[in-house]
Amino acid sequence: MLKYLLSLMLALAVLSGARAQTTVSGKVTSADDGQPLPGVNILVENTTKGTVTDIDGNYSLSLNEDENVIIFSFIGFATQSVNVNGRSVIDVSMESDITSLNEIVIVGYGTQEEKDLTSAIATVKAEEIQKTPTSQAMQALQGKVAGVQIVSRGEPGEGPKVRVRGVGSLQGNSDPLYVVDGMFFDNIDFLNTADIASISVLKDASAAAIYGVRAANGVVLIETKSGSYDQAPQIVYDGYYGVQVPQNVIKMANSEQFSQYVRETGSSADIAFLNAAFQRYGRSRVNPNVPDVNTDWYDEVLQTAPIQNHSITISGGGENSRYAVGASYFDQEGLLKHTRNDYERFNFRSKVDFDATNWLNVGGNVNISNATRYVADNAVWFKTYFAVPILPVYDDQNTDAEPFSLSNAKILGYRNSQNPFYDLLYNDDRFKVTKILANFYADFEIIPNKLSFKTSYNYNFGSVNQRTVDFAYHDGLSPVLSGIKKQNTTSLDEIWDNILTFNENIGAHSFSIMGGYSYRSETADLLFAKGTELNPSPNPDNEEYWYIDNGAIDVGEVGDFDDENNDLGKFYGTSYFGRISYNYDDRYLIYGTFRRDGTNKFQEKWGNFPTVGVGWVLSEESFFDVKPVNFLKLRASWGKLGNDSSPAAVGKPTLVGTETAIDGILVLGNEADVFYDLLEKWETTEETNIGITARFLEDRLSLEADYYIRDTEDAALPIVLPLVRDQIRRNRGVIRNSGLELALNWSDNISEDLSYSIGGNLATLKNEVRDLGGQPYLNAGQQEFRQRSIIGEPIEAFFGYEVEGVFQNEGQISSSGLTQEFIDANNIIPGDFRFKDQNNDGVIDDLDRVVLGSYLPKLTYGFNIGVNYKNIELTANFQGQTGHSILNRKRGEMLFTTDTNIDADLADNLWRGEGTSNEYPSAAGLRKAYNLSMSDYFVEDGSYFRIQNVRLAYSLINRELFGAPMPDVRITLTAERPLTVFDYNGFNPEVADGIDRQTYPIPGIYTIGLNIKL
């Protein structure tokens, strides 16, 4: 079926009408220097027909009899409307407007000119997106949009964590809604960055509320690339190849440091393990006090890895049609050796628009993505960090181990094998992901230039086929059986939108009214099964036998989506929405939207989401005469949004059987059980936004500033019931996010050949819990590593003791203010932590715990510089964040198992006598429960500064080779994340939830790229 759809769309692309027409041609140049302008967008007014100028600024355009106005637009230049008036040659000279306010910005279900916006919307164009070598388009936005936090992830195929203006939900997710050409998505991991024309982030309620119940976390609108009318076929290749390099690899204690640490602990068991290593592997010739093994486990498992992307697009159009078809291939290998941990994706796309008549436009878009992702076992990172350095990778004496003679720490006496190679070599986890996105529309012009109706159908099919295979092996002490588990998940989402739009201009009054209806349906199915003891036994060379039929089916591991507690198999909803925008004389702006959402997910079926925005363009007032200010607009907005990501729960009182004795007689009866969850509606976010948009100094300097207050109301949360030690869930919480966002950009031309630009943005964030259903706090996280949501504090903040230092001598202990009873009970000696006694009662207990930090940064920032000289372009982007904390959970594992390695910084700086350390305890103290209490010893500063991207490009334009014209060629050299500066004791300071237990490294990437236009 899909093949026929593609064939039909391509056939439509070459059709043309038979209306009478004339041809207009000409040349477009810059008014500043007279140079030709390539790539200028040329559009026939009130149509979708147009073209672009070639490399010499030339264009040619066919017009119908009733078409008389042509619009010329180009980024950095003021848009011009030109009357044809029977002319066949029209040359245009465009004036500079570096921060053009007439640029079209995509908003929900429509577009607006930038100067008319009353909302907080940020747009990133294709050329900026493609600077980042990544499989994930949102990664390209890191540090470029104020108020949008992008948390990188290093694993191939894994998308970044995206947060727009903080976190407002305790039980729902904080991910934004993605809308790709009208279709809703939870992520956009299937998109090739080269296929994206622009990404717009709707940050405030006024902009996002048109999407109703899905918009509480912000909305990201993605527009894919289209062809151009009256354009000869253009073939574009764009690709790059590069390498990924592990960065900031954490240093672990080597054999000498580890041996010293073990002896200092005084642990007879650990010293016995060390002696067992001497007996098995001998003594080092360099230092006879150390076993003759010194394994750097990170060096053993990490590697540099290639990354590449290649895409080819064919685009063009005739008088009545335009098209773009293309294909792309992306491949990223992982940083782990000896196991498959890579990502490969093939994409195919076709986009066609066709002017069937002068009152009907139709078109469609099909995007097919097939990806294969291999995921390494997370245990690899856990074991690599904790494996002792006195253990080799392979042990020839472990003769019972098979198929490889891997070492096993259990043989030395340790409780676990510790060797990460068991997880590298003996499992294979594969995901095959298919996504098909299709979009078809018909746009009817009912009253020319005034009233139009557009109906569109969006189709999204997804399939995820997961296969996990465990190989049989023997670790020298015990065998491990083989196994296989397969799980197939399919989903089908459909959206049908119908939109009626009316535009009118009466004198100085301009207004637009839009009304619409939308129906959406989402279904999902799941089927899984597991088998054990496969025959033949699986290994990397016999993948053709990796089937459940070749093993014994585990009947306890067979199921489908209809299992208990899986109630989200079918979802549907209907929505009614509208928008009105009014502009008086380009001075006074009013903007409002309303959406009424209906859903089958909650008991409360319907929700209303209104917004209103106003703007005042002071620079258009007659009294405003401030020379340096070219444009100044004040804007304000208010609105409500919805979040339906919290799992619904519909409960009611039930009767349960009971028995009691009355007058010595056993009586049976019933009593009401009033403890039940009830989440009957979605969470609601109410937001107020105040902003300024300004242009200065002949539009060379631009300013965007916003202050917002965003309150999430009816937040789903557990209510802890007193006495009965039970809890129920209700919509009772209130969480506030507030902050200031600022973006400044400067662009200027020094000469005809030299120009430059400088820009920067920053955003503050204050996250605050306002109400917990009458409760003073709610606990989260592990009991040993407590997080707590407290009224007036950030959501799920780290909670524990403050460390004032390390006791250096007995005198400090006796004068500490702690009671002798407490000192004796905890056996406090020099080398132990000195926790702050917050209430000065002489003991360290729960009353002394305080908020230690939040995983949400208080400040994020980014800045960029760019220089263009003739055909050479150099750009650099920088970004960072501060005011947030990371729980170094790896160090906390000492609480559960002590016979592991420690990091080198800790090993070098342990307390070894008075004055040696006031930061870390002694080796013996490191293992005491007292010192391992949750404290800011585990909670570290997560601040960092990064050189995000450096890119050098050279263009060969309008060149000849042996007398024949050459295609336009652009060569690029890119360094992505070449340097990150931070103090945190880990691989990287980007941890999505702030808890670092095992994190895939984020690599630096170095690429060479090539772009060819034919």
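Residues numbered from 1 in each chain as written. Predicted model: local features only at pLDDT ≥ 70, side-chain atom pairs only at ≥ 80, totals over all residues. Heavy atoms only, no water.

Caption draft 1: How the structure looks around the overall build of the protein. Regarding its fold elements, the protein presents twelve helices and 59 strands. Radius of gyration (C-alpha) of the protein: 32 Å, near the 31 Å computed for a compact globule of 1014 residues. Relative to its 1014 residues, the protein shows a buried fraction of 53%. Considering only contacts within the protein whose residues lie at least 6 apart along the sequence, 70% involve residues at least 24 apart. Charged side chains in the protein number 84 positive and 135 negative. The centres of these two groups are separated by 1 Å. (Helix = DSSP H or I, 4+ residues; strand = E, 2+ residues; numbered from the N terminus. Rg over C-alpha atoms; globule rule 2.2 N^0.38 Å. Buried < 20%, exposed > 50% of the residue type's maximum accessible area, 1.4 Å probe, protein only. Contact = heavy atoms within 4.5 Å. Lys, Arg positive; Asp, Glu negative; His and termini not counted. Charge placed at Lys NZ, Arg CZ, Asp CG, Glu CD.)

Caption draft 2: Region of the structure containing the nonpolar core. Core analysis: the largest hydrophobic core is formed by 94 residues, its most contacted members being Tyr-261 and Ile-902. The element contributing the most residues to this core is helix 5 (residues 268-281), with six residues. (Core = buried A, V, L, I, M, F, W, Y, C linked by side-chain atoms within 4.5 Å.)

Caption draft 3: View of the environment of Arg-970. Counting through the fold element by element, Arg-970 comes out in strand 57 (residues 968-982). Put simply, Arg-970 and Ser-955 are 15 residues apart on the chain and 4.3 Å apart in space, counted from C-alpha to C-alpha. Here Arg-970 is in contact with Glu-873, Arg-951, Ala-953, Tyr-954, Ser-955, Gly-1009, Leu-1010 and Asn-1011, once residues within four sequence places are set aside. Only 2.2 Å separates the side chain of Arg-970 from the side chain of Glu-873, close enough to count as a polar contact. Among the polar contacts made by the side chain of Arg-970, one reaches the side chain of Ser-955 at a distance of 2.9 Å. (Polar contact = N/O pair within 3.5 Å; in protein donor to acceptor, adjacent residues only side chain to side chain.)

Caption draft 4: Molecular detail of the sheet that holds strand 45 (residues 787-790). The strand order across the open sheet formed by four strands is 44-45-46-49, and the pairing between neighbours is antiparallel. Two strands lie at the open edges of the sheet, namely strand 44 (777-780) and strand 49 (850-853), each paired on one side alone. The mean angle between the axes of side-by-side strands here comes to 45°, regardless of whether they run parallel or antiparallel. Across four bridges, strand 44 lies against strand 45 in antiparallel orientation. Counterpart to Tyr-777 in the pairing with strand 45 is Ile-790. (Pairing = 2+ DSSP bridges. Axes fitted to C-alpha atoms, helices over the stretch in contact; angles between N-to-C directions.)

Caption draft 5: Molecular detail of the environment of Ile-580. Considering the arrangement of structural elements, one finds Ile-580 in strand 31 (residues 570-584). Among the residues examined, Ile-580 registers a relative accessible area of 44% and is labelled partly exposed. Sequence-wise, Ile-580 and Ala-694 are 114 residues apart; in three dimensions their C-alpha atoms are separated by 24 Å. In contact with Ile-580, not counting residues within four places along its chain, are Ser-512, Ile-513, Ile-590, Tyr-591 and Gly-592.

Caption draft 6: Just a nonpolar patch on the surface, in detail. A cluster of nonpolar side chains, Tyr-241, Val-867, Tyr-869, Ile-872, Leu-874, Leu-952, Tyr-954, Ile-971, Leu-973, Ile-1008 and Leu-1010, forms an exposed patch at the surface whose accessible area comes to about 920 Å². For the nonpolar patch, the secondary-structure elements that each account for two or more residues are strand 50 (859-869), strand 51 (872-882), strand 54 (944-956), strand 57 and strand 59 (1004-1013). Mapped onto the elements, Tyr-241 comes out in strand 18 (residues 231-245). Relative accessible area serves as the criterion here: at 43%, Tyr-241 is assigned to the partly exposed category. (Patch = residues over 30% accessible without salt bridge, like charges linked within 9 Å, V, L, I, M, F, W, Y side chains within 5 Å. Areas by Shrake-Rupley, 256 points an atom, 1.4 Å probe, with all protein chains shown as cover. Salt bridge = Lys/Arg side-chain N within 4 Å of Asp/Glu carboxyl O.)

Caption draft 7: Structural view of unusual backbone geometry. Put simply, Glu-402 and Pro-403 share a cis peptide bond, and its omega is 5°. With respect to the helices and strands, Pro-403 occurs in the loop between helix 7 (379-386) and helix 8 (421-425). The residue after Asn-535, namely Pro-536, is reached through a cis peptide bond having omega 5°. Tracing the backbone through its elements, the reader meets Pro-536 in the loop between strand 28 (509-532) and strand 29 (552-553). With phi around 60°, Arg-165 is a residue other than glycine that occupies positive phi space. Turning to its location among the elements, Arg-165 is positioned in the loop between strand 13 (161-164) and strand 14 (177-180). Positive phi values are uncommon outside glycine, yet Glu-533 reaches one of about 50°. Mapping Glu-533 onto the fold places it in the loop between strand 28 and strand 29.

Caption draft 8: Representation of the pattern of salt bridges in the model. Taken as a whole and assessed by the stated rule, the structure comprises 49 salt bridges. Glu-804 is the partner of Arg-834 in a salt bridge, and the nearest nitrogen-oxygen pair spans 4.0 Å. With Arg-834 in strand 48 (residues 833-835) and Glu-804 in strand 47 (residues 803-806), this pair connects stretches of sequence that are 30 residues apart. For Glu-804, a relative accessible area of 46% gives the class partly exposed. Arg-891 is paired through a salt bridge with Glu-940; the nearest N and O atoms lie 3.8 Å apart. One end of the pair, Arg-891, is in helix 11 (residues 889-892); the other, Glu-940, is in strand 53 (residues 939-941), with 49 residues separating them in the sequence.

Caption draft 9: Seen up close, the side chain of Asp-899. You can see Asp-899 is positioned in the loop between helix 11 and helix 12 (904-908). For Asp-899, a relative accessible area of 6% puts it in the buried group. A polar side-chain atom of Asp-899 sits 3.1 Å from the main-chain amide nitrogen of Arg-415. For Asp-899, the residues in contact, after removing those within four places along its chain, are Asp-270, Phe-273, Val-388, Tyr-414, Arg-415 and Gln-418.

Caption draft 10: The side chain of Asn-367, seen in detail. For Asn-367, the location among the structural elements is in strand 22 (residues 360-374). Each residue touching Asn-367, except ones within four places of it in the same chain, is listed here: Leu-191, Asn-347, Phe-348, Arg-349, Lys-435, Ile-436 and Leu-437.

Caption draft 11: Main features of the packing of aromatic side chains. For the structure shown, the criterion picks out 39 aromatic pairs. Where Phe-785 meets Phe-896, the ring centres are 6.5 Å apart and the plane angle is 55°; that geometry is what we call tilted. Placement of the pair is Phe-785 in the loop between strand 44 and strand 45 and Phe-896 in the loop between helix 11 and helix 12, with a sequence separation of 111 residues. One aromatic cluster in this structure is built from Phe-785, Tyr-801, Phe-822, Phe-833, Phe-835, Phe-896, Tyr-920, Tyr-930, Tyr-937 and Phe-938. One cation-aromatic arrangement involves Lys-454 over Tyr-441; the distance from NZ or CZ to the ring centre is 4.8 Å. Above the face of the Tyr-777 ring, Arg-788 is positioned so that its terminal group lies 3.8 Å from the ring centre. (Phe/Tyr/Trp six-rings, centres within 6.5 Å; stacked < 30°, edge-to-face > 60°. Lys NZ or Arg CZ within 6 Å of the ring centre and 35° of its normal.)

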